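Listed below, chain by chain, are the residues.
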Amino acid sequence: MRTNRNADIIPQVDGLAYGGDYNPEQWDRDTWDEDLRLMHEAGVNLVSVNIFAWAGINPAPDVWDFTRLDAVMDHLHSGGIRADLATATASPPPWFSQRHPETLPVDAEGHRLHYGARAEYCPNAPAYQAAVVEMASRLAERYADHPALAMWHVGNEYYRSCYCDASATAFQTWLQDRHGDLDGLNHAWGTTFWSQTYTDWTQVLPPRQCAETPAPGLILDWRRFCSDALLKLFRSEAQAIEQHSPDKPITTNLMVSGDFAVLDYHRWGPHVTGPNRLVATDHYLIPDGPIPWPAQVAFGADASRGLAGGDPWLLMEQASNSSAWRRGYFAKKPGDQLRHSLSYVARGSEGAMFFQWRASRYGAERYHSAMLPHGGTDSRVWREITAFGAQLKRIAEVKGSAVESRAAILLDFESVWASDTPGQPSADMGAYPELRRWHSALWHRGVTADLVDPSWDLDRYAYVFAPSLYLLDDDAHLRAYVEQGGTLVVGPYSGVVDRNDHVHPGLPGALRDLIGVRVEEFVPVPKGDKVALDDGTEGQTWTEVAHALDAEVVASFADYPGTAAVFRRSLGRGEVWYLSTRPVDLDPLFERIGLAPDFPGVPTGLELVRRKHEDGRSYVFAINHTDDPHPVPATGTDLLTGTAWTPDRDLDPGEAAVISER
Ligand code: GAL
């Protein structure tokens with residue numbers, strides 16, 4: 001966490017940001033007028049424009065036409081709406097792809113994709129790289145001083161990778177930087193295995209479809225490279241913008257929310273935080289599955305806040321109702337949208353934005369929900385949208401305040417990737433689902449946790465959880481945290497491999513000394529089965545034949561005498577816990593380590609989060625996701641209703657309060 005907070009991340013927007021993707025190119029001028037009127041009615045103050053508008057600005061080679069975008073920007077300005085102006089580079093038009101066929105992405109089987117949709121580009125294609133810089137530069141030059149401009153939005157949801165020959169060449173160069181020479185590469189990838197030793201850099205290929213599994217080190221380096229290649233693209237556009245527009249924030253809509261671990265967001269961190277940068281994320285909830293929506297919302301928000309290093313951040317996209325691309329159509333329940341939006345703000349977002357402002361009449365996402373649905377203004381969604389716009393105005397003073405959290409979950413993207421490589425002892429030990437499960441358990445317990453990179457400053461946290469930290473070079477940083485008084489809890493199958501995905505000698509390698517535990521062997525548990533512990537709890541998915549070297553055994557496997565499941569070790573002023581199985585229920589563990597809810601005595605589902613200004617003003621956000629009224633332990637004024645709040649006052653089911661504390 002940085003000590004110099006960047007409290008005002010979007011100074012050009014008055015109060016908290018509210019709005020969505022706005023695509024006026026799909027509508028006639030009369031509709032533009034209606035849009036402004038309705039944006040005012042809803043309390044919208046910021047819209048993202050030009051995200052997919054390349055074809056209009058640059059309709060043919062060397063032809064530039066800004067007429068429509070000028071009109072859009074002027075129109076927004078006339079209505080006092082600010083623009084999050086996008087660089088339009090995420091969706092090259094057909095003429096570009098036809099003229100530069102080598103910019104179309106190639107998949108792992110070697111098929112070049114056809115154009116006809118968005119994100120049809122190879123990040124490593126020189127023609128595409130040059131085109132995006134030119135586009136960003138022209139836009140920045142033209143609109144740097146436009147009064148509607150609030151911030152810049154580079155690309156859209158970076159995720160594309162490509163296996164073409166140009167990508168192979170770029171990969172080779174990247175590998176030379178990382179490993180120095182071929183000896184370094186051969187060592188890192190363990191190429192003596194299956195006789196895959198490289199004798200020339202040109203032999204090195206992306207992990208294209210092979211007869212069997214390529215080296216895990218290759219797969220891991222490829223994912224690192226793909227993330228870096230996209231970061232390079234983002235930075236090239238950001239630098240082009242900065243040359244003309246040095247004083248406006250620059251962002252891109254990341255997908256920090258949990259199910260797209262395509263980028264190493266923590267490597268991106270320094271480039272999306274700090275002066276004139278801001279972390280923005282998109283978040284679309286998973287309609288079914290084990291984690292309830294409010295806990296999913298919290299995960300996306302807490303991961304974004306972790307990435308922002310404690311600074312505020314912005315929810316750039318969410319759905320007001322159904323996300324058409326998510327396994328079919330579904331509808332949010334009445335009030336969900338308000339509760340979700342408020343929860344993002346409670347957790348540090350400086351507003352709530354949507355995809356999109358007005359539902360499209362055509363195109364692949366014509367059935368995607370919007371702030372203004374196909375059903376028009378006489379609709380539940382619209383009523384909720386206008387209600388939330390009014391709420392945001394009432395709580396505008398929270399802008400710039402920071403979220404209080406005593407706990408952190410370590411989210412290491414390299415561990416996520418490495419634990420997903422083929423050839424694992426269990427297909428169910430992927431890191432991400434387990435991180436989500438722990439986060440959800442903390443949410444149910446009423447503990448707000450930041451999701452942070454293991455290498456970051458952890459001293460501000462009383463509790464640090466490492467549910468699944470498969471890849472780790474050494475324990476120095478975590479050891480220092482424990483010695484200085486922290487409580488660290490490590491889940492199984494952690495510290496097993498180094499940065500090259502080589503298994504550390506003496507399991508669990510990098511963590512053995514710190515946790516004081518020796519692991520003899522891994523014993524995966526079939527899906528759905530459970531193993532009993534002698535303290536009455538249960539484990540699942542995984543067990544280890546583990547022995548204490550220098551740790552106290554807190555619980556053992558009931559049916560396997562001599563093998564322990566829960567270990568505790570005091571070290572310096574702190575303590576470290578190790579689990580050699582994945583607990584079915586995490587609450588007994590939280591009890592054992594003395595982790596109290598942030599607001600003691602509050603029932604599960606009454607979400608309470610505190611935001612605080614540096615000058616001491618503080619706010620309790622309370623959202624009641626339960627079916628019963630519950631008192632909220634805070635004293636002050638509820639900004640949503642303007643009424644006094646005392647700890648004996650009940651919050652009704654489904655309702656929310658934002659209490660400015662006295
Ligand atoms: C996002 C994307 C938007 C829109 C939205 C629909 O991933 O950035 O352009 O497609 O999904 O849910």
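Residues numbered from 1 in each chain as written. Predicted model: local features only at pLDDT ≥ 70, side-chain atom pairs only at ≥ 80, totals over all residues. Heavy atoms only, no water.

**Student:** Tell me what's going on with the overall build of the chain, and back it up with residues and numbers.
**Tutor:** When its secondary structure is counted, the chain shows 17 helices and 28 strands. Here the chain has a C-alpha radius of gyration of 26 Å; the compact-globule value for 662 residues is 26 Å, and the two agree. A buried classification covers 61% of the 662 residues belonging to the chain. For the chain, the accessible surface area stands at approximately 25100 Å², while carbon and sulfur atoms represent 49% of it. (Helix = DSSP H or I, 4+ residues; strand = E, 2+ residues; numbered from the N terminus. Rg over C-alpha atoms; globule rule 2.2 N^0.38 Å. Buried < 20%, exposed > 50% of the residue type's maximum accessible area, 1.4 Å probe, protein only. Areas by Shrake-Rupley, 256 points an atom, 1.4 Å probe, with all protein chains shown as cover.)

**Student:** Describe the sheet that holds strand S22 (residues 606-612), with residues and values.
**Tutor:** Pairing is antiparallel across the open sheet formed by 6 strands, whose spatial order is S10-S22-S23-S28-S25-S26. Strands with a single pairing partner mark the edges of an open sheet, and in this sheet they are strand S10 (402-403) and strand S26 (643-645). Pairing of S22 with strand S23 (residues 618-624) involves 7 bridges; the strand directions are antiparallel. In the sheet register, Arg611 faces S23, and the bridge partner there is Tyr619. Helix H11 (residues 336-346) contacts S10, S22, S23 and strand S28 (656-661) of the sheet and is inclined by roughly 150 degrees relative to S23. (Pairing = 2+ DSSP bridges. Contact = heavy atoms within 4.5 Å. Axes fitted to C-alpha atoms, helices over the stretch in contact; angles between N-to-C directions.)

**Student:** Any details on the packing of aromatic side chains? Residues and values, ideally.
**Tutor:** Scanning all chains against the criterion turns up 33 aromatic pairs. Both rings, one in Trp64 and one in Phe66, keep their centres 6.2 Å apart while their planes meet at 10 degrees; by these two values the pair is stacked. Since its relative accessible area comes to 9%, Phe66 is described here as buried. Seen in terms of ring centroids, Phe171 and Phe225 are 5.2 Å apart; in terms of plane orientation they differ by 50 degrees. Their pairing is tilted. One end of the pair, Phe171, is in helix H6 (residues 165-179); the other, Phe225, is in helix H8 (residues 216-244), and 54 residues separate them in sequence. As far as burial versus exposure is concerned, Phe171 and Phe225 are alike and both buried. Just above the ring of Trp27 sits the side chain of Arg358; from NZ or CZ to the centre is 5.1 Å. When the ring centre of Phe299 is taken as reference, the NZ or CZ atom of Arg436 above it lies at 5.0 Å. (Phe/Tyr/Trp six-rings, centres within 6.5 Å; stacked < 30°, edge-to-face > 60°. Lys NZ or Arg CZ within 6 Å of the ring centre and 35° of its normal.)

**Student:** Could you give me a rundown of the pairing of strand S17 (residues 538-548), with the residues and numbers involved?
**Tutor:** A large share of S17 lies buried, amounting to 9 of its 11 residues. Note that strand S15 (residues 517-524) and S17 share 7 bridges and pair antiparallel. Of the residues in S17, the one forming a bridge with Val519 is Ala546. As judged from the 3 bridges shared by strand S16 (residues 530-532) and S17, these two strands associate in the antiparallel manner. Of the residues in S17, the one forming a bridge with Lys530 is Gln540. Counting the residues that bridge the hairpin from S16 to S17 gives 5 residues, and of these Gly536 lies at a positive phi of roughly 90 degrees. When S17 meets strand S21 (residues 581-583), the two strands line up antiparallel, connected through 3 bridges. Considered in S21, the bridge of Gln540 is made with Arg582.

**Student:** Report on the site of the ligand, specifying residues and quantitative values.
**Tutor:** Taken together, Phe52, Arg118, Asn156, Glu157, Asn253, Asp282, Tyr284, Glu317, Trp325, Phe355, Glu365 and His368 are the residues near the ligand. Between the ligand and the protein, one listed contact pairs an oxygen atom with a side-chain N or O atom of Arg118 at 2.8 Å. Asn156 has a polar side-chain atom sitting 3.1 Å from an oxygen atom of the ligand. The residue makeup of the shell around the ligand, split by class, is 4 nonpolar, 3 polar and 5 charged. (Near = heavy atom within 4 Å. Polar contact = N/O pair within 3.5 Å; in protein donor to acceptor, adjacent residues only side chain to side chain. Nonpolar A, V, L, I, M, F, W, Y, C, P; charged D, E, K, R; others polar.)

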